[in-house]
Amino acid sequence: MSLHLNLFIYPGGHHEAAWRYPGSAPDRVLDIGYYQDLARQAEAAKFDAVFFADGPALADNIRYASRFRLEPFTWMSAIAAVTERIGLIGTASTTYSEPYNLARLFASLDHLSKGRAGWNIVTTGAPNAAQNFGLDEHPVHADRYARAEEFLEVVTKLWDSWEDDAFVADAESGVFADTDLIHSVDHVGPHFSVAGPLNTARSPQGRPVYVQAGSSEDGRAFAARWAEAIFTAHQTLDSARGFYADIKARAGRLGRNPAHVKILPGISPVLGSTMSEAQDLHDELNHLTQPAYSLDVLRRLTGADLSAYDLDGPFPRHLVDETGERGVSSRSQLVLDIVDREQPTIRQLMHRLAGARGHQVVVGTPESVADQIQAWHEAGAADGFNVMPPWLTGGFDVFVEEVVPILRGRGLFRTDYSGSTLREHYGLDRPVSQYARTDQHLETA
């Protein structure tokens, strides 16, 4: 089965010091032409999608890194205007959005892009987002997922509320829309009360592709029910294989086709023509890191304030409190797994996380990076990958120019698109409106 590849675009690149690297373009991170160029390049390479992250609050560490956000729907609309086939996956929070507004936004994007929209569903982990939305406190992990479950129920009803044939536009009869095929949703639940229907016709994909990124117990249960693609972070093949098998099995137990749940780990390839050249690039990027920034990342992930500790001393594992919210965070557990497995110094752990915030950083030649991609794919650890260039645009240029041809030569990656929608790229079925299955109009037609 062919690999799936997304380009995960992060302003400047995924290494925390990418914006300082010679050849990067930090002055262009607010230039839409910069992102359009990257999307066109990914489309020319026949990538499945470009992915854009988001968060509804300013990051604490903006002083030292490129951590602000453009609004994803504006961004994706501008990308849609200059591309034709590549998927457009954007992040939106179920904690800090309302179902009706979000359903309209994604339906509009799917129409404007002719069926290329994907929704990265997040529950938002940043506590400082709460005060931006009139809340005194950030909802706890379990409550955020309970809201997310109901949110998905509501938006799915809204996207299904117009059946495929409801939009008629028949000038001869004078019928613009068949109102027998447009349904109220009349949802009333603990978090939402939404009458519906949506005020937009059903979109080309029926609904956007559901993408999810949580790997906690709540996140896995949510993904097994809803997700059609899952972005995940793993440091070892065994961890990735275990996650892959668990999610596929959970989906199967819920009556879903496990093949319709695509597992896409993140990979940040640091490439050189030789291993030595690749390692030199990695060292150079790590040398540009700001310790104050890196220590703040560790504090947010582990709760440990390490500012008074020797950076070249051992990581003080005893300072980490694994209870409460942090204890259920999959990313925090990933960091602790690195500590327990490798016993790094504080500086080594900082550099380990600097490349991709816990996603796998692979340092090597194009051949060795292709080897690892193939190994994970064939071992049942990945249906594809979220490619996370350490710096832009050069880090992506070399991946497209040197790694992608190797993957194609091994028969692992497409040479051209066979479809035009994101669902077709991922090999996913177009969902039937839940109302069409029981609608009296269809039963008596």
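So, a few notes on the structure that sits alongside this text. (Residues numbered from 1 in each chain as written. Predicted model: local features only at pLDDT ≥ 70, side-chain atom pairs only at ≥ 80, totals over all residues. Heavy atoms only, no water.)

**What about the overall build of the chain?**
Within the chain, the regular secondary structure consists of 15 helices and 13 strands. Taken along its principal axes, the extent of the C-alpha atoms in the chain is 75 × 50 × 45 Å. Within the structure as shown, the chain displays about 18500 Å² of accessible surface, and the carbon and sulfur contribution to it stands at 50%. For the chain, the distance from the average position of its 39 positive side-chain charges to the average position of its 58 negative side-chain charges is 2 Å. (Helix = DSSP H or I, 4+ residues; strand = E, 2+ residues; numbered from the N terminus. Areas by Shrake-Rupley, 256 points an atom, 1.4 Å probe, with all protein chains shown as cover. Lys, Arg positive; Asp, Glu negative; His and termini not counted. Charge placed at Lys NZ, Arg CZ, Asp CG, Glu CD.)

**Let's talk about helix H12 (residues 366–378)**
With 13 residues, H12 should cover 18 Å at 1.5 Å per step; its first-to-last C-alpha distance of 18 Å lies within 8% of that length. For H12, the complete set of buried residues consists of Pro 366, Val 369, Ala 370, Ile 373, Gln 374, Trp 376 and His 377. For H12, the angular spread of the buried residues around the axis is 165 degrees, confining them to a single face. Tucked into the core, H12 has its buried residues touching helix H6 (237–253), strand S11 (262–271), strand S12 (360–364), strand S13 (384–387) and helix H13 (394–409). Phi for Gly 380, located one or two positions after H12, is positive at around 75 degrees. (Expected span 1.5 Å × (residues − 1). Buried < 20%, exposed > 50% of the residue type's maximum accessible area, 1.4 Å probe, protein only. Arc of directions from axis to C-beta. Contact = heavy atoms within 4.5 Å.)

**Focus on the packing of helix H2 (residues 72–80) against helix H3 (residues 99–112)**
At a minimum axis separation of 10 Å, H2 and H3 run at an interaxial angle of 10 degrees. As judged from the angle between their axes, H2 and H3 are roughly parallel. Where H2 approaches H3, its residues Phe 73, Met 76 and Ser 77 are matched on the opposing element by Leu 105, Phe 106 and Leu 109. Its residues assigned to classes, the contact of H2 with H3 shows five nonpolar, one polar and no charged. (Axes fitted to C-alpha atoms, helices over the stretch in contact; angles between N-to-C directions. Parallel < 35°, antiparallel > 145°, perpendicular 65-115°, else oblique. Nonpolar A, V, L, I, M, F, W, Y, C, P; charged D, E, K, R; others polar.)

**Looking at unusual backbone geometry**
At the junction of Gly 196 and Pro 197, the peptide bond is cis and its omega measures out at -5 degrees in the coordinates. Residue position: Pro 197 is located in the loop between strand S8 (193–194) and strand S9 (209–212). A cis amide bond, omega 10 degrees, links Leu 392 with the succeeding residue Thr 393. Within the secondary structure, Thr 393 sits in the loop between S13 and H13. Positive phi outside glycine occurs at Ala 169, with the angle close to 50 degrees.

**Some thoughts on the packing of aromatic side chains**
Summed over all chains, the structure comprises 24 aromatic pairs. Where Phe 8 meets Phe 51, the ring centres are 4.5 Å apart and the plane angle is 55 degrees; that geometry is what we call tilted. Of this pair, Phe 8 sits in strand S1 (residues 4–9) while Phe 51 sits in strand S2 (residues 49–52); the two residues are 43 residues apart in sequence, bridging distant segments of the chain. Since its relative accessible area comes to 8%, Phe 8 is described here as buried. Their ring planes at 40 degrees and their centres at 5.9 Å tell us that Phe 106 and Trp 119 sit as a pair that is tilted. Of this pair, Phe 106 sits in helix H3 while Trp 119 sits in strand S4 (residues 117–122), and the two are 13 residues apart along the sequence. It is Arg 357 that lies over the ring of Tyr 10; its NZ or CZ is 4.3 Å from the centre. (Phe/Tyr/Trp six-rings, centres within 6.5 Å; stacked < 30°, edge-to-face > 60°. Lys NZ or Arg CZ within 6 Å of the ring centre and 35° of its normal.)

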